[in-house]
Amino acid sequence: MTSTHAFWLAGRQATGEDTFDVTSPWDGRLVGKVTVPTDAQVEEAVAAAYAVRDEFAATPAHVRAAALDHVSRRLVERTEEIAQLISAENGKPIKWARGEVGRAVSVFRFAAEEARRFNGGEAQRLDTDAGGQGRLALTRRFPKGVVLGIAPFNFPLNLCAHKIAPAIAAGVPIILKPAPATPLSGLIIGDLLAETELPAGSWSILPVANDHMPALVQDERLPVISFTGSEKVGYAIMDSVPRKHCTLELGGNGAAVVLGDYSSDADLDWAATRIATFSNYQGGQSCISVQRVIVDAAVYDRLLPRIVAAVEAQVTGDPSDPKTDVGPLVSEAAAQRVESWVQEAVDAGATLLTGGKRDGASYAPTVLTDVPADTTISCEEVFGPVLTVTKVDGEAAAFAAANDSKYGLQAGVFTHDVQVAFRAHRALEVGGVVIGDVPSYRADQMPYGGAKQSGVGREGVKFAMDDYTYERVLVLTGLAL
């Protein structure tokens, strides 16, 4: 019998009056039932977080670091169980689910390390001018206030970790809302945090429905919002609370640029394999998956068939099978949307080289060429296993094509020329440029975020801690410096 999962209210387990089902997008089976917080319970969690904010900010670094280290270790111990859960509720192939658990292990470990060195204070002598003689400034960081963290479905464990671990490391209370489609992985974090000695109220994990979010977003006791999800929802949140501090990690339509110097057979095989893999990993449901491939004419005719062959070599099917590369999308509705966008492009004159077929929530890995610039799949984030390939003449045209997007999250540039690498870093209007690989590489400790409509602010443990806090200066007077 499938169990009903409690949620975490101010550090303790609680149940509400209603439940909802979490089902597998692969076969529709019931994965679990989740109890829903009542309005009164949500209020209790917010009030507890607000009340504990000064106590939590003053909690010794070693206490917060020990809690984070504990979660990291426990994730290692429960890796296979949690990976199976991610795969079941999300449809993610088990090999990618295991990788996600490994990344969450690192996020909590990084957070423990940062907790120990964060906010040590920076001293600045002020006697550089006569009026500052005998004075010293000491700058430290303090919490902006309770964080409302809103996580998406595509990395249901690791992106919850990216909200909650930096908050704990910085001594900032957090209310975490996991995605309704995939709440179970986020609730696991609560299981592990509950084994620590963090103050009651410093964290809650509330699987509330999306239609309950406006009240939380508007609550003045939650002055910081960290959101990862769609462009439409993210900017709607920001527009509704213009005086709050919002970090938005939004969409992208990642470009992989292959330049003419990347021309050996080994180079092209590597590029094709990486492009095929990271166009389709997570079912293409990653903000930095490869969606647009921009290829110099000098290597286009040799690379294109390699890309098609590598895409066709992707193993699709049951996500619980370790051999599976590509599982279903999160829902049949998501697959139907991808199907309609591909059909629109084909109807407008695009050439379908492989894929283009849907089976329930699954969509076959797909390659398109000759895609008109005004089609939806050229302009928006497909969030599915589809890539387009475009031929250009030279570096400048390639960079211009990559920038021809309202998004700017990350870009990959396949080149061996270090001068080109620095020119790409200057020219590409994105949050991150990856040389010699696809845009899909993310190290969880590095600053991660976008330009243009890909969002505002940066994640990555240290950078999120900075984002949750502000600088406060202490001036000491009458010192013999």
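The notes below deal with the structure included here. (Residues numbered from 1 in each chain as written. Predicted model: local features only at pLDDT ≥ 70, side-chain atom pairs only at ≥ 80, totals over all residues. Heavy atoms only, no water.)

A word on the overall build of the protein chain
Phase 1 of the analysis: Broken down by element type, the protein chain carries 16 helices and 25 strands.
Phase 2 of the analysis: A globule of 481 residues ought to have a C-alpha radius of gyration of about 23 Å, and the protein chain, at 24 Å, matches this closely.
Phase 3 of the analysis: If you line up the protein chain on its principal axes, its C-alpha atoms span 70 × 70 × 40 Å.
Phase 4 of the analysis: Relative to its full complement of 481 residues, the protein chain shows a buried share of 55%.
Phase 5 of the analysis: Long-range pairs, those at least 24 residues apart, make up 73% of the contacts in the protein chain with a sequence separation of at least 6.
Phase 6 of the analysis: With the model as given, the accessible surface of the protein chain reaches about 19,300 Å², and the carbon-plus-sulfur share is 51%.
Phase 7 of the analysis: Computing the positive centroid from 43 side-chain charges and the negative centroid from 59, the protein chain places the two 5 Å apart. (Helix = DSSP H or I, 4+ residues; strand = E, 2+ residues; numbered from the N terminus. Rg over C-alpha atoms; globule rule 2.2 N^0.38 Å. Buried < 20%, exposed > 50% of the residue type's maximum accessible area, 1.4 Å probe, protein only. Contact = heavy atoms within 4.5 Å. Areas by Shrake-Rupley, 256 points an atom, 1.4 Å probe, with all protein chains shown as cover. Lys, Arg positive; Asp, Glu negative; His and termini not counted. Charge placed at Lys NZ, Arg CZ, Asp CG, Glu CD.)

Remarks on the pairing of strand β9 (residues 174–177)
Two faces belong to every sheet, and in a regular strand the side chains alternate between them.
Phase 1 of the analysis: Here β9 shows a buried face lined by I174 and L176 and a second buried face lined by I175 and K177.
Phase 2 of the analysis: Where strand β8 (residues 147–150) and β9 come together, four bridges link them in parallel fashion. Its bridge partner being in β9, G149 is matched across the sheet by L176.
Phase 3 of the analysis: Traced from β8 through helix α6 (residues 158–170) to β9, the parallel crossover comes out right-handed.
Phase 4 of the analysis: Looking at chain direction, β9 and strand β10 (residues 203–205) are connected through three bridges and run parallel. Opposite L176, over in β10, you have I205 as the bridge partner.
Phase 5 of the analysis: Assessed by its sense of winding, the connection that carries the chain from β9 through helix α7 (residues 183–193) to β10 is right-handed. (Pairing = 2+ DSSP bridges. Right-handed = clockwise from strand over helix to strand, strands pointing away.)

Structural notes on the layout of surface pockets
Phase 1 of the analysis: What the largest pocket holds in volume is close to 930 Å³.
Phase 2 of the analysis: What lines the largest pocket is a set of 37 residues, among which N210, F227, G229, S230 and V233 lie closest to the centre.
Phase 3 of the analysis: Where the lining of the largest pocket is concerned, the elements lending two or more residues are α8 (213–218), β11 (224–228), α9 (231–240) and α12 (332–347).
Phase 4 of the analysis: The element best represented in the lining of the largest pocket is α9, accounting for five residues.
Phase 5 of the analysis: For the lining of the largest pocket, the residue count by class is 21 nonpolar, 10 polar and six charged.
Phase 6 of the analysis: Estimates place the volume of the second largest pocket at around 390 Å³.
Phase 7 of the analysis: If you go around the second largest pocket, you meet 25 residues; those closest to its centre are R103, F155, Y281, I288 and S440.
Phase 8 of the analysis: Secondary structure elements with two or more residues in the lining of the second largest pocket: α5 (94–117) and α10 (265–280).
Phase 9 of the analysis: With four residues, the top contributor of residues to the lining of the second largest pocket is α5.
Phase 10 of the analysis: The residue inventory of the lining of the second largest pocket, partitioned by class, reads 12 nonpolar, six polar and seven charged. (1 Å grid on protein atoms, 1.4 Å probe; cavity = no way out; pocket = protein on both sides within 12 Å on 5 of 7 lines; lining within 4 Å. Points joined across faces, edges and corners; volume = space filled by probe spheres on them. Nonpolar A, V, L, I, M, F, W, Y, C, P; charged D, E, K, R; others polar.)

Some details on the nonpolar core
Phase 1 of the analysis: L68, L75, F108, L148, I164, I189 and I225 are the most contacted members of the largest nonpolar core, which has 79 residues in total.
Phase 2 of the analysis: At 11 residues, the largest contribution of residues to this core is made by α5.
Phase 3 of the analysis: Not counting chain neighbours up to four residues away, the residues in contact with F108 comprise L68, V71, S72, L75, A161, I164, A165 and I189. (Core = buried A, V, L, I, M, F, W, Y, C linked by side-chain atoms within 4.5 Å.)

Re the sheet that holds strand β5 (residues 30–36)
Phase 1 of the analysis: Read across the open sheet, the three strands follow the order β1-β5-β4; overall the sheet is mixed. The strands lining the two open edges of the sheet, one partner per strand, are β1 (4–5) and β4 (18–23).
Phase 2 of the analysis: Both β4 and β5 contribute to a ladder of six bridges, which runs antiparallel. Pairing of T23 across the sheet is with L30, part of β5.
Phase 3 of the analysis: Contacts between α7 and the sheet are confined to β1, β4 and β5, with β5 contributing the most and set at about 60° to the helix. (Axes fitted to C-alpha atoms, helices over the stretch in contact; angles between N-to-C directions.)

Some details on the sheet that holds strand β21 (residues 410–414)
Phase 1 of the analysis: Read from one edge to the other, the open sheet built from seven strands follows the order β15-β18-β19-β14-β13-β21-β22, with strand pairing classed as mixed. The open sheet terminates on both sides in strands that have one partner only, identified here as β15 (351–354) and β22 (432–435). On average, each strand axis in the sheet is inclined to that of its neighbour by 25°, with strand direction left out of account.
Phase 2 of the analysis: Two strands pair when backbone bridges link them, and β21 and β22 are joined in this way by four bridges, in the parallel orientation.

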